[in-house]
There are 2 protein chains.
Amino acid sequence: MREFILLARKAHTAPFKLNDLPGAGRMDLVARCITAAIFISEALRKDVKFYAVLEGPPNPPRLITLETSKLRRVYPDERNIASHIRIALEKGLKLRYGQEIESEPGIRIAKRSFEDLVKEKAKEVQTVYMYKNGIPIEEFKFEKNVCFIIGDHKGLSKKREIFLENQGIPKVSLGKVTYLASQVIAILHYELDKRGI
Amino acid sequence: MREFILLARKAHTAPFKLNDLPGAGRMDLVARCITAAIFISEALRKDVKFYAVLEGPPNPPRLITLETSKLRRVYPDERNIASHIRIALEKGLKLRYGQEIESEPGIRIAKRSFEDLVKEKAKEVQTVYMYKNGIPIEEFKFEKNVCFIIGDHKGLSKKREIFLENQGIPKVSLGKVTYLASQVIAILHYELDKRGI
């Protein structure tokens, strides 16, 4: 299983306009990351879970989870992915903290914080934070199940980075270039595919 | 300089609806590839040329060229990229074969075939075709300037593959997984970045 946690600090947490994804707190970035994570050519990857933590207005936080083994009618274009996020946000408007519902097959929405999710994951599986000045990925040994934490265009706050450190989560780097989050995800899949993990 | 040629066999060649990029012959795929090719986090790459050969209805072929050193007001979301393609198609409706115009800074449109473009590139720079059963990329030696040929979701026709072979263009592979074209581009940048090319 490959898992990805995207922290989208500005992404809106109520239904938004599909014609202006950047205006919805860079929902385009969230959608693009999901496409990079769940698709290969003409198919969904089998064992991927994608967690998008949305922290923009008006109802933060919202955690949207996609599980490829159960997804239906999802296509790689940003607008399609965003339309599924929109449905989840609509159905999840009135969630209490900790509550989670299924909005569509393979898609769930919860009111749940980044910290809670990360603590849970770090207990369950090898969890790493993608960070420019981390351990070079070539030198890092991945387990069969791994969860990657990825920041959006704003990165993670200092406070959050300290939180990850306190959880004992290692930092892994793709090198000197700071890639788009969606590019990071494509590259991570490639690195694991090469190693046959 | 890194150059990419995307052959988009179905992509429409007249202005299309921005609300339905998949319906415009998978224009979402074209836009996503452009984003993967020209952006890094918060910036454009400096030395990238992207060629999209559109061969869908009603006016094939159209060749759209983006040159990152000259681009202005381009953003990574699919809709923004597609809107620039749309402007180019609008301005390029009446081109004669071989004619080329600049539609916006850093964006040109020509009526020109895949074969003509490839022949020119193969003379100028190291040109390779990304192909599942090609030479493993780890074993391939890249020059400083390189041009990658990438198929869309339909791949290249047998006839085109023979054409590339006749041009002496080597095939290079990213391994067993068939990635989305946009993922291929992200991975290629990463491979070249790692090697400091």
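Residues numbered from 1 in each chain as written. Chains lettered and ligands numbered in written order. Predicted model: local features only at pLDDT ≥ 70, side-chain atom pairs only at ≥ 80, totals over all residues. Heavy atoms only, no water.

**Let's talk about the environment of Val146(A)**
All names here are of chain A.
Next, step 1: Checked against the element boundaries, Val 146 lands in strand β9 (residues 146-151).
Next, step 2: Val 146 sits in the buried class, given a relative accessible area of 0%.
Next, step 3: Between the C-alpha atom of Val 146 and that of Ile 40, which follows or precedes it by 106 residues, the distance is 19 Å.
Next, step 4: Aside from chain neighbours lying at most four places away, what touches Val 146 is Met 1, Arg 2, Glu 3, Gln 126 and Leu 192. (Helix = DSSP H or I, 4+ residues; strand = E, 2+ residues; numbered from the N terminus. Buried < 20%, exposed > 50% of the residue type's maximum accessible area, 1.4 Å probe, protein only. Contact = heavy atoms within 4.5 Å.)

**Concerning the confidence of the model for chain A**
Next, step 1: Counting all residues, the mean pLDDT for chain A is 97, and 100% of those residues have values of 70 or more.
Next, step 2: At the level of chain-chain contacts, confidence expressed as ipTM amounts to 0.98, with global pTM at 0.98. (pLDDT = per-residue confidence, 0-100.)

**Here's the deal with the sheet that holds strand β5 (residues 62-67) of chain B**
Sheet strands pair by backbone hydrogen bonding; their relative direction is either parallel or antiparallel.
All names here are of chain B.
Next, step 1: Read across the sheet, eight strands follow the order β6-β7-β5-β4-β1-β9-β8-β10 without closing on themselves; strand pairing throughout is mixed. One side of each edge strand has no neighbouring strand; the edge strands of this open sheet are β6 (100-104) and β10 (171-173). Neighbour-to-neighbour, the strand axes of this sheet turn through a mean angle of 30 degrees, independent of strand direction.
Next, step 2: Its contacts with the sheet put helix α2 (residues 78-91) on β4 (48-54), β5, β6 and β7 (107-110), and the angle it makes with β6 is roughly 140 degrees.
Next, step 3: Here helix α3 (residues 114-124) sits on the sheet and contacts β1 (2-8), β4, β5, β8 (126-136) and β9 (146-151); the angle it forms with β1, its principal contact strand, is near 160 degrees. (Pairing = 2+ DSSP bridges. Axes fitted to C-alpha atoms, helices over the stretch in contact; angles between N-to-C directions.)

**Remarks on the sheet that holds strand β5 (residues 62-67) of chain A**
Residue and element names in this part refer to chain A.
Next, step 1: Spatial strand order, β6-β7-β5-β4-β1-β9-β8-β10: eight strands in an open sheet with mixed pairing. For this open sheet the edge positions go to β6 (100-104) and β10 (171-173), each flanked by a neighbour on one side alone. Neighbour to neighbour, the strand axes of the sheet diverge by 30 degrees on average, direction disregarded.
Next, step 2: Lying over the sheet, helix α1 (residues 27-38) contacts β1 (2-8), β4 (48-54) and β5, oriented at roughly 170 degrees with respect to β4.
Next, step 3: Strands β4, β5, β6 and β7 (107-110) of the sheet are contacted by helix α2 (residues 78-91), whose axis makes an angle of about 140 degrees with β6.

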